There are 2 protein chains.
Amino acid sequence: MEFVIDKESFDKAISDVSRAVSLNTPFPILTGIKMVVNKSCLILIGSNSNIVIEKIVPLSINGKKVLEVVNTGSLVVPAKYLNEIVKKLSNDIHLIVSGKQRLTISSANIVTNLNGFDSQEYPSLPETEQTENVNISSQALMEVIKQTAYAVSMSEHRPVLTGINMSFNQGKLTCVATDSSRLALSEVKIDSVMSGSVNVPSASLKELFKLMDGDPGEVDMLFTKSHVVFRKNSITLFSRLIVGKYPNVTDLIPKESNTIVTLNTNQLLRGVDRACLFAGEWKNNNITLEIKESSKLKIISSSSEIGEIEEIQNISHLIGQTELSITLDGKFLLDVLKVIKEEEINITYNGPMKPLLIQPLNNASHLHLISPVRTY
Amino acid sequence: MEFVIDKESFDKAISDVSRAVSLNTPFPILTGIKMVVNKSCLILIGSNSNIVIEKIVPLSINGKKVLEVVNTGSLVVPAKYLNEIVKKLSNDIHLIVSGKQRLTISSANIVTNLNGFDSQEYPSLPETEQTENVNISSQALMEVIKQTAYAVSMSEHRPVLTGINMSFNQGKLTCVATDSSRLALSEVKIDSVMSGSVNVPSASLKELFKLMDGDPGEVDMLFTKSHVVFRKNSITLFSRLIVGKYPNVTDLIPKESNTIVTLNTNQLLRGVDRACLFAGEWKNNNITLEIKESSKLKIISSSSEIGEIEEIQNISHLIGQTELSITLDGKFLLDVLKVIKEEEINITYNGPMKPLLIQPLNNASHLHLISPVRTY
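Described in the following lines is the structure provided in the data block. (Residues numbered from 1 in each chain as written. Chains lettered and ligands numbered in written order. Predicted model: local features only at pLDDT ≥ 70, side-chain atom pairs only at ≥ 80, totals over all residues. Heavy atoms only, no water.)

### What to know about the pairing of strand 25 (residues 324-329) of chain B
Side-chain direction in a regular strand flips from residue to residue, so the side chains alternate between the two faces of the sheet.
All names here are of chain B.
For step 1, the next point in the chain: Among the six residues of strand 25, five are classified as buried, and the element is accordingly described as predominantly covered.
For step 2, the next point in the chain: Pairing geometry for strand 21 (residues 286-291) and strand 25, over six bridges, is antiparallel. By the bridge assignment for strand 25, Thr288 is matched with Thr327. (Buried < 20%, exposed > 50% of the residue type's maximum accessible area, 1.4 Å probe, protein only. Helix = DSSP H or I, 4+ residues; strand = E, 2+ residues; numbered from the N terminus. Pairing = 2+ DSSP bridges.)

Below, the structure is given as structure tokens:
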């Protein structure tokens with residue numbers, strides 16, 4: 001194996017696949033990055049027990065030559081050192097296998113030798129026989145993930161709840177996440193008749209988000225029995241699936257309403273953020289929302305030891321009863337308000353012991369439920 | 001106590017004094033900030049067992065009114081909550097003592113109550129009977145601290161070595177730090193005939209650096225039996241002194257030289273940084289510097305497990321013997337190179353087991369010594 005590569009392209013590719021590499025693995029070879037060079041490209045692979053990231057560097061990018069292959073071949077090289085060395089080099093970088101599993105990396109007057117592993121011992125990738133395949137805009141996919149990922153369960157008590165449930169049905173992708181105290185649901189139209197449902201670990205989707213967010217384009221989703229695969233241009237992320245039946249959540253969403261209050265999203269976000277200052281010291285970050293006259297919302301939080309905070313905000317609009325009083329985890333409400341881009345939201349209230357429904361105004365594609373906290 | 005204060009000025013002052021406040025103190029009152037309001041200013045004080053920071057907010061700053069005093073008084077308020085609340089408010093902030101040690105903070109429609117402590121119970125500040133007083137440019141003081149602070153000892157085995165020794169003699173301030181393996185010495189002229197020597201904890205000087213760096217002006221240094229006081233405009237830092245006799249280091253500085261090599265500072269910094277990649281895995285971050293022909297310096301580091309790195313750099317100039325070979329802690333050399341602003345340095349070599357002397361070219365005001373590592 002011998003090739004010369006542009007520093008910037010190499011550095012970016014190594015950083016991308018390194019996201020999947022953990023130094024705390026019982027398998028030394030998984031601390032490495034697998035490099036495969038063939039006539040037309042360099043393939044880098046990094047993996048852990050949950051995800052695999054594969055990145056392809058072609059011979060040229062946007063007309064600029066970035067890779068010159070002298071000899072094809074493959075090797076697994078420690079990710080940490082490869083990453084750090086390449087960051088600290090400049091110019092073009094020359095790589096050659098100079099001995100048994102030994103890689104020589106040189107640039108200008110700097111010569112480095114790294115001991116690697118036999119690439120034959122690296123685990124093989126999941127098979128992607130493309131039985132099912134969905135194509136979706138990257139931006140839309142990132143949006144539905146962002147709007148639900150905050151609500152996944154942190155407890156391994158019910159493993160399926162630690163993932164996002166992605167279901168495909170009648171030309172729609174629906175993402176659902178819940179930790180039993182709150183629920184997030186977000187939908188997007190897709191150009192596919194596929195139907196089915198998978199539970200994807202939220203950690204995998206967070207990595208996907210970091211890899212692909214902000215970059216326009218299309219994502220191909222492929223499904224195997226045990227994996228979901230996201231492919232976009234030169235980068236591919238394989239994630240294991242969580243086995244188990246996801247609970248049916250549609251019955252939880254309230255159909256009626258005592259009161260619907262329209263509020264400015266950012267104003268409420270800032271108010272709840274302030275109220276959470278004290279709430280953190282209290283059990284469950286509790287804050288109380290209260291309406292007594294129809295035009296004002298009161299946000300209250302107190303801790304007998306430290307003090308209390310009380311804030312009055314204007315309401316844009318109110319339908320139904322003008323009485324509202326609910327105590328909930330302020331942190332949960334913050335999480336919801338942070339993922340809503342719309343300027344205004346509707347809050348649907350059905351009583352102090354019923355879940356509060358939060359939805360962006362004039363956008364039915366996502367909704368958020370928070371269970372109240374019993375205060376007596 | 002009642003006053004109205006501009007948010008920005010209040011926020012900055014609270015942040016400054018909060019630097020001295022630790023939440024892990026056995027004395028609850030020290031988790032608070034002492035506020036004293038008199039007719040002409042607000043005084044904020046934060047402290048821990050090592051330092052006290054005092055900040056004065058006057059009635060107006062640069063002609064802009066920032067403080068309106070309604071009633072004088074004092075109170076101690078939990079630093080953490082005061083800090084966070086004020087950051088999240090806007091506009092002018094109104095503060096009033098509304099009950100027994102209870103502070104009401106209000107701004108627009110937001111009202112917060114904080115439980116405080118009796119200010120009578122707050123420890124009093126060290127007396128600064130100004131027997132001795134040195135005035136020094138802030139920039140020059142920051143420079144001598146920066147050039148020596150990296151070399152203080154991290155071990156409490158010999159407490160004086162955890163501080164910087166500041167000695168005043170014949171119109172000069174000399175700062176020295178050493179951890180027995182390396183030594184830094186930096187001098188600056190002062191307009192004072194004072195003579196004497198104090199050991200200042202490096203942690204205090206790091207706080208001083210954060211408080212006062214980048215801000216031109218003069219610093220007044222005052223000395224009490226147990227404290228040194230740095231005062232600049234509206235801010236004062238009191239630091240305890242370390243008791244004990246600082247070792248005499250002048251004999252350690254080599255007077256002769258086998259070889260003097262002139263090198264580009266940044267080029268060497270980058271080379272040593274690269275060599276340290278592997279050195280970190282090896283005992284003491286060892287790297288080897290080697291000259292065999294007079295025009296080239298070789299930087300070598302290796303780890304039998306991981307690999308090795310070797311780099312060749314040009315030498316600007318060489319006086320004396322053209323043979324050099326020394327192994328030292330690469331991290332120590334990096335620390336030195338990071339505090340040298342000059343473009344070129346001189347390295348004075350007296351043999352593989354003698355300390356290496358590093359000095360900026362044409363600037364005798366500071367010098368750095370690093371002991372070699374025994375490699376056999």
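That shown, we press on.
### What about the relation of the copies chain B and chain A?
For step 1, the next point in the chain: Mapping chain B onto chain A is achieved by rotating through 180° and translating by 0.0 Å along the same axis, at an RMSD of 0.0 Å. Here the copies are linked by what is in effect a two-fold axis. When C-alpha distances to the rotation axis are compared across chain B, the minimum falls at B:Asn24, with a value of 16 Å. (Least-squares fit on C-alpha atoms with pLDDT ≥ 70 in both.)

### A word on the packing of helix 5 (residues 265-279) of chain A against helix 6 (residues 330-339) of chain A
All names here are of chain A.
For step 1, the next point in the chain: Close contact between helix 5 and helix 6 brings their axes to 9 Å; oriented N to C, the two are set at 150°. With respect to each other, helix 5 and helix 6 are oriented roughly antiparallel. Crossing of helix 5 against helix 6: the hand is left-handed. Every residue of helix 6 that contacts helix 5 at Thr265, Leu268, Leu269, Val272, Asp273 and Cys276 is listed here: Gly330, Lys331, Leu333, Leu334, Leu337 and Lys338. (Axes fitted to C-alpha atoms, helices over the stretch in contact; angles between N-to-C directions. Parallel < 35°, antiparallel > 145°, perpendicular 65-115°, else oblique. Left-handed = near helix turned anticlockwise from the far one by under 90°. Contact = heavy atoms within 4.5 Å.)

### Examining the interface of chain B and chain A
For step 1, the next point in the chain: Between chain B and chain A, the contact holds 30 residues from the first and 30 residues from the second.
For step 2, the next point in the chain: For the pair chain B and chain A, the two sides together bury roughly 2,600 Å², of which 48% comes from carbon and sulfur.
For step 3, the next point in the chain: Counting the surface chain B buries against chain A, the share from its top three residues, B:Tyr81, B:Lys88 and B:Leu277, is 23%.
For step 4, the next point in the chain: Counting across the interface, chain B meets chain A through four salt bridges. (Buried area = accessible area lost by both parts, 1.4 Å probe. Salt bridge = Lys/Arg side-chain N within 4 Å of Asp/Glu carboxyl O.)

### Observations regarding helix 5 of chain A
All names here are of chain A.
For step 1, the next point in the chain: Taking 1.5 Å of rise per residue, 15 residues should cover 21 Å, and helix 5 covers 20 Å from first to last C-alpha, within 8% of that figure.
For step 2, the next point in the chain: With 11 of 15 residues buried, helix 5 lies mostly within the body of the structure.
For step 3, the next point in the chain: Along helix 5, the residues that are buried comprise Thr265, Leu268, Leu269, Gly271, Val272, Arg274, Ala275, Cys276, Leu277, Phe278 and Ala279.
For step 4, the next point in the chain: At the N-terminal end of helix 5, a side-chain oxygen is found 3.0 Å from the backbone nitrogen of Asn266, two or three residues along, and the residue is Asn264. (Expected span 1.5 Å × (residues − 1). Polar contact = N/O pair within 3.5 Å; in protein donor to acceptor, adjacent residues only side chain to side chain.)

### Section: the side chain of B:Ser239
For step 1, the next point in the chain: Tracing the backbone through its elements, the reader meets B:Ser239 in strand 19 (residues 235-240).
For step 2, the next point in the chain: For B:Ser239, the contacting residues outside a window of four places in its chain are B:Asn50, B:Ile51, B:Val200, B:Pro201, B:Ser204, B:Ser226, B:His227 and B:Val228.

### Things to note about helix 4 (residues 202-212) of chain A
For an α-helix the count is 3.6 residues per turn, leaving residues at separations of three or four pointing the same way.
For step 1, the next point in the chain: Of the residues making up helix 4 of chain A, those classed as buried are A:Ser202, A:Ser204, A:Leu205, A:Glu207, A:Leu208, A:Leu211 and A:Met212.
For step 2, the next point in the chain: The first or second residue beyond helix 4 of chain A is A:Gly214, which carries a positive phi of 85°.

### Re the environment of B:Leu333
Residues and elements named next belong to chain B.
For step 1, the next point in the chain: Relative to the helices and strands, Leu333 is located in helix 6 (residues 330-339).
For step 2, the next point in the chain: Residue Leu333 is classed as buried on the basis of its relative accessible area of 0%.
For step 3, the next point in the chain: With 25 residues separating them in the primary sequence, Leu333 and Ile358 have C-alpha atoms 9.0 Å apart.
For step 4, the next point in the chain: Not counting chain neighbours up to four residues away, the residues in contact with Leu333 comprise Val272, Ile287, Leu289, Leu328, Ile358 and Ile370.

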